[in-house]
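Understanding the architecture of this molecule
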Amino acid sequence: MSQKTYSFPLKNRGSLAPRLAPSPAPKTESPLPTLPRRKGPGRLQRWRERAIQAGLFVAAASSIAITLGIVGILGFESISFFRQVPLLNFLTDPQWTPLFDDAHYGIMPLVAGTATVAAVALCLALPVGTVTALYLSEYAPHRVREIVKPFLELLTAVPTVVYGYFALLFVTPLLKHLIPSLPGFNMLSAGLVIGVMIIPYVSSLSEDAMRAVPMHLREASYAMGATRFQTSVRVVFPAALSGVASAYVLGFSRAIGETMVVAIAAGMQPNLTFNPLQPAATITAYIVQVSLGDLPHGSLGYQTIFAAGLTLMLMTLVFNIGGHVLRKRFREKY
Amino acid sequence: MPGEILMALRKDIARRKRTDKVFSLLGLMATLVGVVTLLALMIDLAWDGTSRLNWAFLSAFPSRFPEKAGILSAWVGTGVVMFVTALAAVPMGVAAGVYLEEYAPKNWMTTLIEINIANLAGVPSIVYGLMALGLFVYKFKLGMSVLTAGLTLALLILPIVIMATREAIRTIPSSIREAAFAVGATQWQLVRHHILPYSAGGILTGVIIGLSRAIGESAPLITIGALTFIAFLPASPFTGTFPFISFEWLKSPYTVLPIQAFNWISRPQKSFHLNAAAAGMVLMAMTLAMNGAAIWIRYRFRKRIKW
């Protein structure tokens, strides 16, 4: 029985094959049939793979291009603005009247408006959002949470124009019953509505962070005879603090960046005041106001919206970095 | 005396239990704040808007006369802008998500991209509008068109799509990957035949959530010059003569529902406010329907696939 050695295709491929191959067959026999080289990923396919990978990388890196685009455009237009308006003037002038004949370029009134609206919104959203999160995570039965959470998240899906409508035509008249001197446009109702709008940002993220707190911490607390309240406030909340802090930061960014509600319900006059019962313009409302008119491209008035936008960007950036630092500081290790 | 101590202890425990009850009630009330406001908002909108909501309202162009004004150009505009948005955001977002989950090496570049995407999600939407005004409208000369609007909103929802894609891919167990590689699949074959089909549900959910956010977004569109009075429709994409498909509609000026509603709210006349409420109802119906669809899809896919 003549012995024919077939090598497995696998052996043909690597460097192992020659070593494992049996000694040359006697000359009388015909040479071994050579099996066709198994087609692994061929050269063409390897190129294809590489091209696809490069394409996917470009898509991922485009997010950096977007950031560069934002920073570039804001910076570029703001530089031409600050060539004509000194920075000191921009920061200290108490008036913002860039479109009047007697033009003043002080950002303070817009920053004050933005801060006031955001403060009202956060005064509502942070406590309510946090307590909601604690309730949903520690108290509510499973079924209640499953129903309430998506329902609360619907609050973020409501178009902001609709919120503006609600603030101007429902909340303000309602508040007027309590505060008869309230003007038709005011920062209070705009801030309150924004506050309700950002509750789910705060509560959902905080709740996720609280649910991530390991069960044994709660068990230990209950084992020592603590009540639910004590466990929630002294164990779960501190343990989830880093996640809760990032929820707060996100809520803050939303509150100062919100546009349509303030443009509709807070009035559009720059007003250097921290009194929420007054009408005032925020940075975002000013940008909307200018965009609705038609300013010629390249004029100083056109550049003001970029300077205002840059200020807004920097405000969110400062808070994001602050939040990042806080998060690192409070990160609990269990 | 032990009796007194016991009494004090009982009192203390009762007090703590009371605190617990009070806080439980407080929590329920806090939860209801959001729920009740949402209900109040919907009822208020329906109260004002139902009287105007009829077929004539849906099929008429805006007008100086509130009783004749309608939202035809606005909802058609919303439709075409959303089409462009989806066309731009979905391939880019999914590709970025796939890259970050399946391909990306662990290095500073990847970390930079990840941090950057998280930061982009927190950038105020009006800043995107300013960027689009400077870049798309004046640098690339795309004009104040449907194309510009669609691209701007696509950039806005890109982080949402990327995060949803990553989230969906992350739930696929690595045994699937190992099995595919074991039979000699290349990386792309794995992605194409396994990763993408299995994560399709999650991706679709994210895309719909993103689009429902884009539908209600008006601030960035105001900065790039969405007009509030458009009494015509964009050019038809189908033509009678040779290439049969025309891209003229991409360049046409447009308006969208939220901007039409904003315009009506800003007017002093009461009757325009009713129109705004009706337009708001249409908008709400669209976003709620999309969110409902997203929840349904998530539910179905979760039920169908068992690892």
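The present account deals with the structure reproduced in this document. Small disclaimer: the values here were computed from a predicted structure and weren't measured.

A closer look at the overall build of chain B
Looking only at helices and strands, one finds 11 helices and 0 strands in chain B. Reading the secondary structure of chain B in the N-to-C direction produces α-α-α-α-α-α-α-α-α-α-α. Taking 19 Å as the expected radius of gyration for a compact globule of 307 residues, we find that chain B reaches 26 Å, considerably beyond that expectation. The C-alpha extent of chain B, read off along each of the three principal axes, is 100 × 65 × 40 Å. Looking at the 307 residues of chain B, the share that counts as buried comes to 50%.

Considerations on a nonpolar patch on the surface
A surface patch of nonpolar side chains, amounting to about 350 Å² of accessible area, comprises A:L314, A:L317, A:I321 and A:V325. Within the secondary structure layout, A:I321 lies in helix α14 (residues 300-330).

Points about the packing of aromatic side chains
Residues and elements named next belong to chain A. According to the stated counting rule, one finds 16 aromatic pairs over all chains in the structure shown. On the numbers, 6.3 Å between centres and 10 degrees between planes, the contact of Y135 with Y139 is stacked. Of this pair, Y135 and Y139 both sit in helix α5 (residues 108-139), 4 residues apart, which is roughly one turn of the helix. What makes Y135 buried here is its relative accessible area of 9%. Under the relative-accessibility criterion, Y139 is labelled buried at 14%.

Brief notes about the interface of chain B and chain A
Taken together, the 73 residues of chain B in the interface contact 72 residues of chain A. In total, about 6,700 Å² of surface goes out of reach between chain B and chain A, with carbon and sulfur atoms giving 78% of it. When the buried area of chain B at its contact with chain A is split by residue, B:F23, B:L130 and B:F262 rank highest and sum to 10% of it. For the interface between chain B and chain A, the tally reads 0 salt bridges. Here chain B is connected to chain A by 9 residue pairs in polar contact (both at pLDDT 80 or more). With 21 residues, the top contributor of residues to the side of chain B that touches chain A is helix α1 (residues 2-49) of chain B. Tallied by class, residues from the side of chain B that touches chain A come to 48 nonpolar, 20 polar and 5 charged.

Notes on unusual backbone geometry
Phi is positive for B:K141, which is not a glycine, with a value near 55 degrees. By the element assignment, B:K141 lies in the loop between α5 (125-139) and α6 (146-170).

Focus: the environment of B:Y103
With respect to the helices and strands, the residue B:Y103 is situated in helix α3 (residues 72-103). With 88 residues separating them in the primary sequence, B:Y103 and B:V191 have C-alpha atoms 10.0 Å apart. Apart from the residues within four sequence positions on either side, B:Y103 is in contact with A:I52, A:Q53, A:L56, B:V98, B:Q187, B:W188 and B:V191.

Description of the side chain of B:T78
All names here are of chain B. Assignment of secondary structure puts T78 in helix α3. Overall, the relative accessible area of 2% leaves T78 in the buried class. A polar atom in the side chain of T78 sits 3.0 Å from the backbone nitrogen of L257.

Thoughts on the packing of helix α3 (residues 43-84) of chain A against α14(A)
Residue and element names in this part refer to chain A. Relative to each other, α3 and α14 sit at 125 degrees, their axes nearing to 8 Å. Considering the angle they form, α3 stands oblique to α14. Between α3 and α14 lies a crossing whose hand is left-handed. Residues I70, I73, L74, E77, S78, S80, F81 and Q84 of α3 form the contact with α14, whose participating residues are L300, Y302, Q303, T304, F306, A307, G309, L310 and M313. Considering only residue class, the contact of α3 with α14 consists of 10 nonpolar, 6 polar and 1 charged.

About the criteria used
Residues numbered from 1 in each chain as written. Chains lettered and ligands numbered in written order. Predicted model: local features only at pLDDT ≥ 70, side-chain atom pairs only at ≥ 80, totals over all residues. Heavy atoms only, no water. Helix = DSSP H or I, 4+ residues; strand = E, 2+ residues; numbered from the N terminus. Rg over C-alpha atoms; globule rule 2.2 N^0.38 Å. Buried < 20%, exposed > 50% of the residue type's maximum accessible area, 1.4 Å probe, protein only. Patch = residues over 30% accessible without salt bridge, like charges linked within 9 Å, V, L, I, M, F, W, Y side chains within 5 Å. Areas by Shrake-Rupley, 256 points an atom, 1.4 Å probe, with all protein chains shown as cover. Salt bridge = Lys/Arg side-chain N within 4 Å of Asp/Glu carboxyl O. Phe/Tyr/Trp six-rings, centres within 6.5 Å; stacked < 30°, edge-to-face > 60°. Contact = heavy atoms within 4.5 Å. Buried area = accessible area lost by both parts, 1.4 Å probe. Polar contact = N/O pair within 3.5 Å; in protein donor to acceptor, adjacent residues only side chain to side chain. Nonpolar A, V, L, I, M, F, W, Y, C, P; charged D, E, K, R; others polar. Axes fitted to C-alpha atoms, helices over the stretch in contact; angles between N-to-C directions. Parallel < 35°, antiparallel > 145°, perpendicular 65-115°, else oblique. Left-handed = near helix turned anticlockwise from the far one by under 90°.

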